[in-house]
Amino acid sequence: MAAKKTTKRSTSKKSAKKAAPKKAKSTKAKAKAKPAARRAKPAAKPAKAAKAAPPKKSAAPKAAKAPAPPKAAAAAVPTKSRFVWFDLVTKDLGAAQSFYKSLLGWETKDVDVAPPMNKYTMFVHNGEQFGGVIPPPDANAPPTWLPYISVEDVDKVTNRAGALGGKVLMAPADIPNVGRFSVISDPTGGVVSPMSFLQPPKPQQAQGLVGPVAWCELLTSDTAKAGAFYTDLFGWARNEIKMGPEMTYHMFKTGDRDAGGMAGLMPPLNHTAWVTYFAVPDVDERHGAAKAAGAKELVPPSDIPNVGRFSWLTDPQGALFALFKGSM
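Residues numbered from 1 in each chain as written. Predicted model: local features only at pLDDT ≥ 70, side-chain atom pairs only at ≥ 80, totals over all residues. Heavy atoms only, no water.

**Q** Summarise the nonpolar core; cite the residues concerned and give the values.
**A** Counting residues in each nonpolar core, the largest one holds 67 residues, and the members touching the most others are Tyr 100, Trp 145, Tyr 230, Phe 234, Tyr 277, Trp 312 and Phe 321. Tallying contributions element by element places strand E11 (residues 213-220) first for this core, with 6 residues. Excluding anything up to four places from it in sequence, Phe 321 contacts Phe 99, Tyr 100, Leu 103, Trp 145, Thr 276, Phe 278, Ser 311, Trp 312, Leu 313, Thr 314 and Asp 315. Ranked by size, the runner-up nonpolar core spans 20 residues in total, among them Met 117, Ile 134, Met 170 and Val 183. (Core = buried A, V, L, I, M, F, W, Y, C linked by side-chain atoms within 4.5 Å. Buried < 20%, exposed > 50% of the residue type's maximum accessible area, 1.4 Å probe, protein only. Helix = DSSP H or I, 4+ residues; strand = E, 2+ residues; numbered from the N terminus. Contact = heavy atoms within 4.5 Å.)

This is the structure in structure tokens:
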């Protein structure tokens with residue numbers, strides 16, 4: 001991640017889907033730090049345009065610099081919100097599935113959904129569904145990993161997002177037999193999907209956010225503005241961690257658990273984005289395999305003292321993701 005326990009980057013939304021995928025869990029990082037970054041950083045179920053249901057969080061290189069904002073106030077929408085699902089929004093669904101299945105050992109499961117999608121493919125890790133793959137909402141939407149955040153009332157949260165300076169990219173919509181979701185962006189451009197479920201998500205796992213997702217962090221052009229938005233909207237607390245003389249990492253908390261992270265923009269990332277970190281047994285080995293399979297290196301394998309090792313890449317279609325292995 002870019003300034004925390006792992007690495008960081010990415011965003012967007014997903015389509016329709018009938019069957020309800022499973023939720024997931026969350027991870028902590030050492031010294032409350034998720035992948036910490038010094039350059040760049042590394043996103044539930046269906047996304048935009050179509051309907052699908054998701055269940056239910058990652059690091060960076062050299063010391064980067066991020067402004068230290070004031071702590072945000074308590075949330076206006078009381079709810080134990082956390083990352084529960086991750087959709088890959090991409091144009092070539094088949095190629096994307098092949099890349100991640102081969103690189104990270106995931107499996108896939110298809111479920112029937114309403115037109116125009118007709119089929120929704122979920123990613124499965126060690127028997128647990130944690131995300132899926134969907135087409136972009138329009139031809140200009142960039143490939144990205146879209147994170148879903150559990151909430152009690154999607155409509156209330158979506159309306160609140162607009163009042164806080166965010167944008168509603170997709171109005172609340174139902175996913176038959178699963179729940180309800182929308183797609184929003186924060187005032188600085190970070191995109192997430194609030195999601196409520198007919199059945200509550202599974203408890204957060206002991207380590208990581210959900211399935212193989214080790215961490216999720218926001219790299220933003222304005223940590224003060226984005227921090228205030230997320231703490232108010234999702235009820236998260238926010239702690240600041242000094243990663244160096246000029247680097248401050250922000251840890252979002254839900255209760256006594258780490259919910260995600262945030263830091264200022266760091267090269268090579270020059271735009272606001274949520275970065276999704278995937279846990280791997282050997283960052284260097286999988287990083288090399290990813291490059292051999294067509295991925296582009298953004299941040300080479302790097303250590304985060306007392307946290308772990310990470311790297312940043314974009315997959316063959318351009319979606320940002322990070323690899324991470326904790327030091328513990």
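**Q** Account for helix H3 (residues 223-234), with residues named and values stated.
**A** Compared with the 16 Å implied by 1.5 Å per residue over 12 residues, the 16 Å span of H3 between its first and last C-alpha is a close match. Most of H3 sits inside the fold, with 9 of its 12 residues counted as buried. Of the residues trailing H3, Gly 235 is marked for its positive phi of about 75°. (Expected span 1.5 Å × (residues − 1).)

**Q** How would you explain helix H4 (residues 283-292) if you had to name every residue and give the values?
**A** Where H4 is concerned, the buried positions are Val 283, Arg 286, His 287 and Ala 290. An end-on view of H4 places all buried positions within 105° of arc, on one side of the element. Put simply, Asp 282 is the residue that caps the front of H4, since its side-chain oxygen is 3.1 Å from the backbone nitrogen of Asp 284. Looking one or two residues past H4, Gly 294 carries a phi angle of roughly 110°, positive in sign. (Arc of directions from axis to C-beta. Polar contact = N/O pair within 3.5 Å; in protein donor to acceptor, adjacent residues only side chain to side chain.)

**Q** Quick one: what's the story with the packing of helix H2 (residues 154-163) against H3, residue by residue and with numbers?
**A** For the pair H2 and H3, the least separation of the axes is 10 Å and the interaxial angle reads 155°. Viewed along their axes, H2 and H3 adopt a mutual orientation that is roughly antiparallel. As for the relative orientation of H2 and H3, their crossing is right-handed in sense. Of H3, the residues touching H2 (which contributes Val 157, Arg 160 and Ala 161) are Phe 229, Asp 232, Leu 233 and Phe 234. Considered class by class, the residues forming the contact of H2 with H3 number 5 nonpolar, no polar and 2 charged. (Axes fitted to C-alpha atoms, helices over the stretch in contact; angles between N-to-C directions. Parallel < 35°, antiparallel > 145°, perpendicular 65-115°, else oblique. Left-handed = near helix turned anticlockwise from the far one by under 90°. Nonpolar A, V, L, I, M, F, W, Y, C, P; charged D, E, K, R; others polar.)

**Q** Quick rundown of the pairing of strand E9 (residues 179-185)? Include the residues and the values.
**A** With respect to burial, E9 is a largely interior element, 6 of its 7 residues being buried. Pairing geometry for strand E8 (residues 167-175) and E9, over 6 bridges, is antiparallel. Directly across from Ala 173, in E9, lies its bridge partner Phe 181. Between E8 and the antiparallel strand that follows it, E9, lie 3 residues; Asn 177 among them carries a positive phi value of about 65°. Sheet topology note: the E9/strand E10 (residues 191-197) ladder contains 5 bridges and is antiparallel. Looking across to E10, one finds that Ser 185 is bridged to Val 191. (Pairing = 2+ DSSP bridges.)

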